[in-house]
Amino acid sequence: MSTRLSALAAAVALLTAVAVPAAAAAGAPTSAAVPSGPSAPNAPNAPAVNLATNPGFEVPAPNLADWGSIPGWTCTGGPAEAAVTTTAPHSGTSALTVTPATADSSGECAQTVAVQPNTAYTASAWVRGDFVHLGATGTGKDLPPAWTESTGGGWQRLTTRFTTGPNARSIRLYVHGWYQQGPFSVDDVRVDGPAPAPAVAASSIPTTDKVVFFTVDDGWQRSPEAEQFIADHRLPITTFPLPMPAGTDPSFFKRVTAVPGSSVQDHSVSHSDLSKLPLDQQQVEICDARDAMTRLFGTAPVVFRPPFFAWNADTLQAAANCGIRTVLTADADFSWGAGNIWHPGPLQPGDVIIMHWSDTLAADLQRALAAADAAGLKPAGLVDYLR
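Residues numbered from 1 in each chain as written. Predicted model: local features only at pLDDT ≥ 70, side-chain atom pairs only at ≥ 80, totals over all residues. Heavy atoms only, no water.

Turning our eyes to something else, we now look at the confidence of the model for the protein. For the protein, per-residue confidence averages 90 on the pLDDT scale, and residues scoring 70 or more make up 88% of the total. Predicted confidence is poor over residues 1-28, with pLDDT under 50, and the contacts of this stretch with residues over four places away or in other chains come to 37 contacts. (pLDDT = per-residue confidence, 0-100. Contact = heavy atoms within 4.5 Å.)

It is worth spelling out the packing of aromatic side chains at this point. Here the structure, examined in full by the defined rule, presents eight aromatic pairs. Arranged with centres 5.3 Å apart and planes meeting at 75°, the rings of Phe252 and Trp357 form a pair that is edge-to-face. In this pair, Phe252 sits in helix H4 (residues 250-256) while Trp357 sits in the loop between strand E20 (352-356) and helix H7 (361-374), placing the two residues 105 residues apart along the sequence. One exposure class covers both Phe252 and Trp357, and it is buried. For the ring pair Phe253 and Trp357, a centre distance of 5.9 Å and an interplane angle of 90° mean the geometry is edge-to-face. Here the residue Phe253 occupies a position in helix H4, and Trp357 occupies one in the loop between E20 and H7, the gap between them amounting to 104 residues. Take Phe253: its relative accessible area is 0%, and that puts it in the buried class. According to the relative accessible area criterion, Trp357 is buried, its value standing at 3%. (Phe/Tyr/Trp six-rings, centres within 6.5 Å; stacked < 30°, edge-to-face > 60°. Helix = DSSP H or I, 4+ residues; strand = E, 2+ residues; numbered from the N terminus. Buried < 20%, exposed > 50% of the residue type's maximum accessible area, 1.4 Å probe, protein only.)

Attention shifts here to helix H6 (residues 313-321). The α-helix advances 3.6 residues per turn, and as a result positions three or four apart in sequence lie on the same side. Most of H6 is tucked away: seven of the nine residues are buried. Those residues of H6 that fall on the buried side of the exposure criterion are Thr315, Leu316, Gln317, Ala318, Ala319, Ala320 and Asn321. The inward-facing, buried residues of H6 contact strand E5 (109-114), strand E12 (200-202), helix H5 (279-297), strand E16 (303-304) and strand E17 (326-328). The opening residue of H6, the one whose side-chain oxygen lies 3.1 Å from the backbone nitrogen of Asp314, is Asn312. (Polar contact = N/O pair within 3.5 Å; in protein donor to acceptor, adjacent residues only side chain to side chain.)

Structural data, given as C-alpha cells:
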C-alpha cells in the first residue's frame with residue numbers, strides 16, 4: 001500500500017472513531033455609519049436557499065477572468081487539473097471534472113461562502129469517482145468531511161451538516177479526490193441555509209464628522225504622479241481595481257493604500273453592467289473579484305462598487321451572498337478634470353467622491369482636495385465609517 005493510501009486508511013479510521021457517517025456529516029468614528037443589515041442567526045422565518053456560487057458549473061466565465069478558471073471556484077491545480085465538461089453531467093449541461101496531475105495533488109476545488117454565526121447549514125454535492133470528499137472549514141468547529149470510497153461509476157450524493165460558531169462569517173467549502181486515485185466529477189453543489197439580508201445601497205456615508213471619502217476605480221493607468229501625491233498628502237483612499245490590473249501590479253496598489261484608513265475593495269471581474277445579468281452571474285462577478293482581492297492583499301472586501309453605478313435588487317442580494325455589506329456609488333465625480341457634485345452646494349460631510357486611475361489622477365486628487373478644504377472637510381478612511 002502506498003504512503004498516500006496509508007494516510008487514507010488512517011483518515012478512514014479517524015472518521016469511524018468519531019462515528020461520522022460517510023455521506024452525512026480601532027477607535028470608532030463619531031458618526032452614524034451605514035448599517036450592514038440585520039443579523040438574524042437561525043431566524044425561524046428565513047427561507048433556506050442555495051448559497052453556493054456557480055453550483056452546477058453552468059455559469060460562463062466573465063470577460064477578463066483568468067484563463068482556465070472555473071467561475072466561482074479556486075482549484076489547486078488550475079486548468080492543468082480542473083475543467084468544466086459536458087460529458088454525462090448529473091443535471092443540466094455541465095459538471096466539474098478534476099484529474100489530479102501529480103502524486104502530491106488531491107485535485108481540490110473550493111469557494112468561500114458567506115454565512116451567519118450560530119446558524120445551521122447543510123452542504124451537499126453529487127460526485128462520481130473514487131475517494132471523493134466534501135467538507136467545510138472555518139465553521140468554528142471541527143468538521144470531518146463527507147466522503148465515499150467509490151460511486152461505482154455512477155453519481156452519489158454527499159451531504160454534511162454543521163452549525164457555525166459565534167464568530168463565523170464565512171466558510172470555505174471544498175471538494176477533492178485522493179492522491180493517485182484518478183479523476184472525479186462534481187455537480188449540483190448546495191450550501192442550504194438562510195439567505196443573508198441584502199447589502200445596503202449608498203452614495204454617501206451618514207456622518208456628522210467633517211470628512212469626505214476619496215475613491216479611485218479600475219486600475220489600468222497607474223500614474224506615478226498620483227502615487228506621489230497620495231504619499232505626500234497622506235491621503236486615505238479606497239480603491240476599487242479590477243482583478244486583472246490589480247494582479248498585474250499588486251505592489252502599486254499596496255503602496256497607494258499604505259496610508260491608514262485606505263483599503264482595496266471589490267469592483268467586479270469584467271466591469272460589465274451587472275443590472276443586465278441574472279443573479280447567479282452577478283454573484284460570480286462579485287465573489288470572484290472578492291477572492292482575487294483577498295488573495296492579492298490579504299483582506300476580504302466589504303464594499304462593492306458597481307460598474308457604471310448600475311445595480312438592481314439582485315445586485316444587493318448577490319453582494320450579500322459574497323459577504324459584501326455595502327454597494328457604494330458616489331455623489332461627486334472628479335474624474336478626468338471633472339468637478340461634478342450631484343447635490344446643491346459644495347461638498348458635504350459624508351460625501352463619496354469617485355475618481356479613476358488615469359493620467360489626470362494627480363490633478364484630479366489635487367482639485368478634489370481643494371474642494372474638500374474649501375468646504376472645511378478632510379479625507380477619511382471609508383472602511384472606518386462602515387460597520
